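Observations on chain architecture
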Number of protein chains: 2
Amino acid sequence: MRMILLSGGSGKRLWPLSNESRPKQFLTILRHDERPESMLQRIWRQLSEANLAGEAYFSTSGTQAELIRGQIGADAVVIEEPTRRDTFPAISLAAAYLHDQAGASRDEIVGVMPVDGYAGDEFFEHLRRLPSILEQSGSDIALMGAVPTEPSDKYGYIVPSSSPSPNQPYLRVSSFVEKPDLIRSEALIREGALWNCGVFAFRLGFLLDMLEQKGLSSNYESLSTNYAELPKTSFDIAVVEQTRQLSVLPYRGEWRDLGTWDSLVRERSSELSGPGYISEASHDSHIINELEIPVSIWNVPDIIVVAGPDGVLVTDRQSSTGIKDMVTEIEIGPRFEERFWGKQTVLSHQQATSGLQTVTKRVVISAGRFISYHEHQFRKEVWTIVSGVGSVCIDGIMQTVNPGEVIVVESGTKHYIGAVEGDLEFIESQIGHIVSETDIIRYEFPDSI
Amino acid sequence: MRMILLSGGSGKRLWPLSNESRPKQFLTILRHDERPESMLQRIWRQLSEANLAGEAYFSTSGTQAELIRGQIGADAVVIEEPTRRDTFPAISLAAAYLHDQAGASRDEIVGVMPVDGYAGDEFFEHLRRLPSILEQSGSDIALMGAVPTEPSDKYGYIVPSSSPSPNQPYLRVSSFVEKPDLIRSEALIREGALWNCGVFAFRLGFLLDMLEQKGLSSNYESLSTNYAELPKTSFDIAVVEQTRQLSVLPYRGEWRDLGTWDSLVRERSSELSGPGYISEASHDSHIINELEIPVSIWNVPDIIVVAGPDGVLVTDRQSSTGIKDMVTEIEIGPRFEERFWGKQTVLSHQQATSGLQTVTKRVVISAGRFISYHEHQFRKEVWTIVSGVGSVCIDGIMQTVNPGEVIVVESGTKHYIGAVEGDLEFIESQIGHIVSETDIIRYEFPDSI
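Residues numbered from 1 in each chain as written. Chains lettered and ligands numbered in written order. Predicted model: local features only at pLDDT ≥ 70, side-chain atom pairs only at ≥ 80, totals over all residues. Heavy atoms only, no water.

1. A look at the overall build of chain A
A count of helices and strands for chain A gives 11 helices and 28 strands. At 24 Å, chain A has a C-alpha radius of gyration in line with the 22 Å of a compact globule built from 449 residues. Taken along its principal axes, the extent of the C-alpha atoms in chain A is 70 × 60 × 40 Å. Looking at chain A as a whole, 55% of its 449 residues qualify as buried. A sequence separation of at least 24 residues applies to 67% of the contacts in chain A between residues at least 6 apart. For chain A, the accessible area works out to roughly 18,800 Å², and carbon and sulfur atoms hold 45% of it. Charged side chains in chain A number 40 positive and 62 negative. The centres of these two groups are separated by 3 Å. (Helix = DSSP H or I, 4+ residues; strand = E, 2+ residues; numbered from the N terminus. Rg over C-alpha atoms; globule rule 2.2 N^0.38 Å. Buried < 20%, exposed > 50% of the residue type's maximum accessible area, 1.4 Å probe, protein only. Contact = heavy atoms within 4.5 Å. Areas by Shrake-Rupley, 256 points an atom, 1.4 Å probe, with all protein chains shown as cover. Lys, Arg positive; Asp, Glu negative; His and termini not counted. Charge placed at Lys NZ, Arg CZ, Asp CG, Glu CD.)

Here you go:
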């Protein structure tokens, strides 16, 4: 089975740690073997252990491709959406890619899975059974359904039409219910409904045929070129709910959506991460602090405080809806960014009355990686090397830089910087009348070096 | 009447905005005529309006002298304690100074007032009456006593022995009660007790005589030289409570101690200061945010969130005791410092495994001020000018610096920087194996310039 791994999300629900340039699946807030791990890295590790990572393809858009390669490795295969749309166009494009570019036949089975979930290892063993369920049941699509552990209004439900029997591991699907209220969810659970994990499998030809039936192309090049015209709708609505022959494999084990701070702190062994203090009377309060400065809770129970370069959130443990709208109102643009080459944090952004702007950043280039050759027209950059050994090229002249050295890169100067020995950390002050991500001209690295 | 203004405090109760280098009286968190004002500036303005600032002397130690001159003006007269002790040695030293250095006669009346209180303007009109109260009553010390508006365990109480009468504005003092519990405070108020404002007046000769009676010197030079041997005790215990002839002038008006975040937010017209958001369900919650990044409260009522360069505090509105101990545990040294020449904020402090440290600061030198000529032996500094026009001297060579320019000051180099046109703002990266306040050698500015 080839896997299509969906990576999307706007990163607003887990503000201030997640942001546009770092949706929640990239946050390294889980732990494995004492080391921090993101949801993406966890799922990738679990897929690898279940022998499903070898033929896995990421479906995502723009900036996330760089992040995925940064966290998984440079050889991660990413099928990039030309623009961000929804899961129906994304999965269709990925399916066409598998057929046209990756040599998959129409008979091959394709599994689809989002990378921002959280499941136990046994979930992946179940996942491996979907191809045989498709075969046994004669269905067009086989889904995974988690057996609910409690009434919940956070999930969609799959309502089966049959009851489980010892000699048939799957159930026929009768209908779907999108996030019901708690009372309705209790009734659904009594009827045997399952949580929709968003994980399913189908034969590649099934989807390609469907695209043609809908009057769309099933050709990768053509889909990619006309991507902006594909319907902006979910795969659930456009395909799953239009399909008659559906079966679901019940899964009795750990599975949940880590989409709120409350669900995340439940996974953590300690109330406090990062510098800070929680007073005794602050029962069941948690701090996740990614700043250098201490954060403390004094006699306030049942709250979560999250602090990072983008801001500070103080929230009760129950509410989560609405945070997205608030974030839209107050966000100041991502101050922390994870990139393929490493990461950077804005420490200060000043605008003088003259219009001159200064952005001060802490930049870490990961060992062996580099920021490619480019120039800025409107800003100068000053680098003060903190640690590591770097290789710098300015207008074709190479030099090695060591801690304590200062490099001034004037505007209009081509430059490159890479980490030669260990991670390279430096303080960068950008200064100019326009300090923007768009002020960049990229160049091929000169051949002569 | 000459005034001795006491400025002390460790700055822990209003953490994270106050710190060792900025006790609460220096926080510019009040407002006057739409402009921010500190408690010190407010009291100074009120004293000036009551014609009491002309003969006012600050009594304080070390670093606070610079802060007082920064906030009040370079001509503020400061009597510096050689080391920080308590109010008895501080007031004694100041009294000796008035007699020996400032030409005050033993018959002159001296008023004493702490600069971290908060009172209405009419308080200062009352203060002007203390000399005549001393005369009328024949007392050794005349105190100000605020008529309590509610039972409180935060203040000391003055218990009068007489009842108010129309033709005698003052009362005789019978005893003092230090911070009683609430029940006891109710009883005291029924007996006519008044809050002790820590404000009083006496004839200079009274204190000088008392010093001699205690076997201490009343000579300024001698007190200053032997300061470390003076008893570390409060003026209340050493003098006021030992004095028989005491009277108190009741004051019916606005007076309180702004010593907790709750008392401070009550003075503010808005729930939110600085970037941030308070959700509707967060009734009676407040944010004071001095960071560049937004701080938000999501559905948590009755809390105060204070964020600044030193840290973030989330506290309920009632508790305040105990915060001092917590701060001692988590504080990371002042990241924000106000100095005579301006202010500086540490943005980041990194220590590489090699031991090399980098401190990145945002520095603002106030218009017309400068950082005096000095050198560092163990660190290099890199200045990126953000705004204003500066004058820089490096090893005797002067130059003018403008926004966008970068100055590298190698270790072992003498340097000076001043603000020539408007405030001078720059980003400073310090880098070295020892980055410490003690690595400084000061020089006279070269004559030839």
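2. Overview of the nonpolar core
Of all hydrophobic cores here, the largest spans 45 residues; its most connected members are A:F58, A:M113 and A:F123. Among all residues touching A:M113, those that are not within four sequence positions of it are A:M3, A:I4, A:L5, A:L6, A:I43, A:L47, A:F123, A:F124, A:L127, A:G198 and A:V199. (Core = buried A, V, L, I, M, F, W, Y, C linked by side-chain atoms within 4.5 Å.)

3. Let's talk about unusual backbone geometry
Between A:W15 and A:P16 the backbone carries a cis peptide bond, its omega angle lying at 5 degrees. With respect to the element layout, A:P16 can be found in the loop between β1 (2-6) and β2 (30-32).

4. Some thoughts on the UniProt feature "domain: Mannose-6-phosphate isomerase type II C-terminal" (unreviewed entry) in chain A
With numbering aligned to this structure, UniProt lists the feature "domain: Mannose-6-phosphate isomerase type II C-terminal" (unreviewed entry) at residues 339-444 of chain A. For the annotated span residues 339-444 of chain A, helix accounts for 0% and strand for 67% of the residues, and the straight-line distance between the end C-alpha atoms is 19 Å. (UniProt positions renumbered as here; feature names shortened; annotations may be inferred.)

5. With respect to the interface of chain A and chain B
On the side of chain B, 56 residues touch chain A, which itself brings 56 residues to the contact. Where chain A abuts chain B, roughly 4,400 Å² becomes buried across the two surfaces, and 68% of that area is made up of carbon and sulfur atoms. When the buried surface of chain A facing chain B is broken down by residue, A:P294, A:W298 and A:V314 rank first, second and third, together holding 16% of it. Counting the contacts that link chain A with chain B gives 2 salt bridges. Salt-bridge contacts for A:E292 lead to B:R335; the nearest nitrogen and oxygen are separated by 2.6 Å. (Buried area = accessible area lost by both parts, 1.4 Å probe. Salt bridge = Lys/Arg side-chain N within 4 Å of Asp/Glu carboxyl O.)

6. Some words on the sheet that holds strand β16 (residues 286-289) of chain B
Taking strand neighbours across the sheet as the criterion, the 6 strands line up as β15(A)-β17(A)-β19(B)-β18(B)-β16(B)-β14(B) in an open arrangement whose pairing is mixed. Looking along the sheet, the strands with just one partner apiece sit at the ends: β15 (276-278) of chain A together with β14 (272-273) of chain B. Where β14(B) lies against β16(B), 2 bridges are found, and the strand directions are parallel. Bridging across to β16(B), B:S273 finds its partner in B:I288. (Pairing = 2+ DSSP bridges.)

7. A closer look at the sheet that holds strand β17 (residues 295-298) of chain B
An order of β14(A)-β16(A)-β18(A)-β19(A)-β17(B)-β15(B) is seen for the 6 strands of this open sheet, with the pairing classed as mixed. Edge positions in the sheet fall to β14 (272-273) of chain A together with β15 (276-278) of chain B, since each has one partner strand and no second. Sheet topology places β15(B) next to β17(B); 3 bridges connect them, and they run parallel. When the bridges of β17(B) are listed, B:Y277 appears paired with B:S296.

8. Here's the deal with the pairing of strand β10 (residues 171-177) of chain A
Residue and element names in this part refer to chain A. Relative to β10, strand β9 (residues 157-160) runs antiparallel, the two sharing 4 bridges. Counterpart to Y157 in the pairing with β10 is V177. Direction of pairing for β10 relative to strand β12 (residues 246-251): antiparallel, over a ladder of 2 bridges. If you follow R172 over to β12, its bridge partner there is S247.

9. A word on helix α2 (residues 63-72) of chain B
Note: α-helices contain 3.6 residues per turn, so residues at a spacing of three or four share the same orientation. Residues and elements named next belong to chain B. Regarding α2, the residues found buried are Q64, A65, L67, I68, Q71 and I72. Looking straight down α2, one finds that the buried residues subtend no more than 165 degrees of arc, so they occupy a single side. Where α2 is buried, its residues meet α1 (39-49), β4 (56-61), β5 (78-81) and β20 (336-339). (Arc of directions from axis to C-beta.)

10. As for the packing of aromatic side chains
Under the counting rule described, the total for this entry stands at 32 aromatic pairs over all chains. Their ring planes at 70 degrees and their centres at 5.7 Å tell us that A:F123 and A:F124 sit as a pair that is edge-to-face. A relative accessible area of 0% places A:F123 in the buried class. Residue A:F124 is classed as buried on the basis of its relative accessible area, which comes to 1%. Of the aromatic side chains, those joined through ring pairs into one cluster are A:F200, A:F202, A:F206 and A:F235. Between B:R42 and the ring centre of B:Y118, over which it is positioned, the NZ or CZ distance is 3.9 Å. When the ring centre of B:F340 is taken as reference, the NZ or CZ atom of B:R369 above it lies at 4.3 Å. (Phe/Tyr/Trp six-rings, centres within 6.5 Å; stacked < 30°, edge-to-face > 60°. Lys NZ or Arg CZ within 6 Å of the ring centre and 35° of its normal.)

11. Side note on the domain arrangement of chain A
All names here are of chain A. Entries for chain A in the domain assignment read domain 1 (2-257), domain 2 (261-319) and domain 3 (341-442). Using C-alpha coordinates to define each centre, domain 1 is positioned 32 Å away from domain 2. Across the contact, 14 residues belong to domain 1 and 14 residues belong to domain 2. Summed over both partners, the interface of domain 1 with domain 2 comes to about 1,200 Å²; 59% of that surface belongs to carbon and sulfur atoms. When the buried surface of domain 1 facing domain 2 is broken down by residue, W15, P16 and L17 rank first, second and third, together holding 45% of it. Put simply, domain 1 and domain 2 have 1 salt bridge between them. One salt bridge connects E290 with R22, and the closest N-O pair in it is separated by 3.5 Å. Between domain 1 and domain 2 we count 4 residue pairs in polar contact (both at pLDDT 80 or more) in total. For the side of domain 1 that touches domain 2, the residue count by class is 8 nonpolar, 1 polar and 5 charged. (Domains from an automatic or database assignment. Polar contact = N/O pair within 3.5 Å; in protein donor to acceptor, adjacent residues only side chain to side chain. Nonpolar A, V, L, I, M, F, W, Y, C, P; charged D, E, K, R; others polar.)

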